[in-house]
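Working through the structure, step by step
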Amino acid sequence: MKRFFSNSLFSSLCIAAISLVSFTAAQASDETGSVTVTVVEPTGDPVSDAHVELIETHQHSFVDDQGRARFDDVPAGDYHLQATSPRFGTAVLEFSLAA
């Protein structure tokens, strides 16, 4: 797993966890999963004003009060997740979702 952060934001915004959950295979050619994201400050406190986007699928969401967001029906593959907060800036995380 590779993580990419802009220079001044590495210490300000962390994408703490990406949980790849509920990967299901409805058909061999239609495999999708869910991606759950938690965005936190370096202290571990949730960032409640972040916007997150799976760049390759153009799926996006605002996080809840606990810094969490979920993307469903995500096909297996390599992705870039971008989290942006007005208070902390932008961070990008590269990850793979495997069948």
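See the structure shown above.
Residues numbered from 1 in each chain as written. Predicted model: local features only at pLDDT ≥ 70, side-chain atom pairs only at ≥ 80, totals over all residues. Heavy atoms only, no water.

Thoughts on the nonpolar core
If you look at the biggest cluster of nonpolar residues, it comprises 17 residues, and the most contacted ones within it are Val39, Val52 and Phe71. Secondary-structure elements contributing two or more residues to this core are strand S3 (31–40), strand S4 (51–54), strand S6 (68–75), strand S7 (77–85) and strand S8 (89–97). Aside from chain neighbours lying at most four places away, what touches valine 52 is Val37, Val39, Gln59, His60, Ser61, Val63, Ala69, Phe71, Leu81, Gln82 and Ala83. (Core = buried A, V, L, I, M, F, W, Y, C linked by side-chain atoms within 4.5 Å. Buried < 20%, exposed > 50% of the residue type's maximum accessible area, 1.4 Å probe, protein only. Helix = DSSP H or I, 4+ residues; strand = E, 2+ residues; numbered from the N terminus. Contact = heavy atoms within 4.5 Å.)

Digging into the pairing of S7
Judged from the four bridges that link them, S4 and S7 form a sheet pairing that is antiparallel. Within S7, the position partnered with glutamate 53 by the bridge is glutamine 82. Two strands pair when backbone bridges link them, and S7 and S8 are joined in this way by nine bridges, in the antiparallel orientation. Paired with leucine 81 across the bridge in S8 is leucine 93. The antiparallel hairpin formed by S7 and S8 contains three residues in its connecting segment. (Pairing = 2+ DSSP bridges.)

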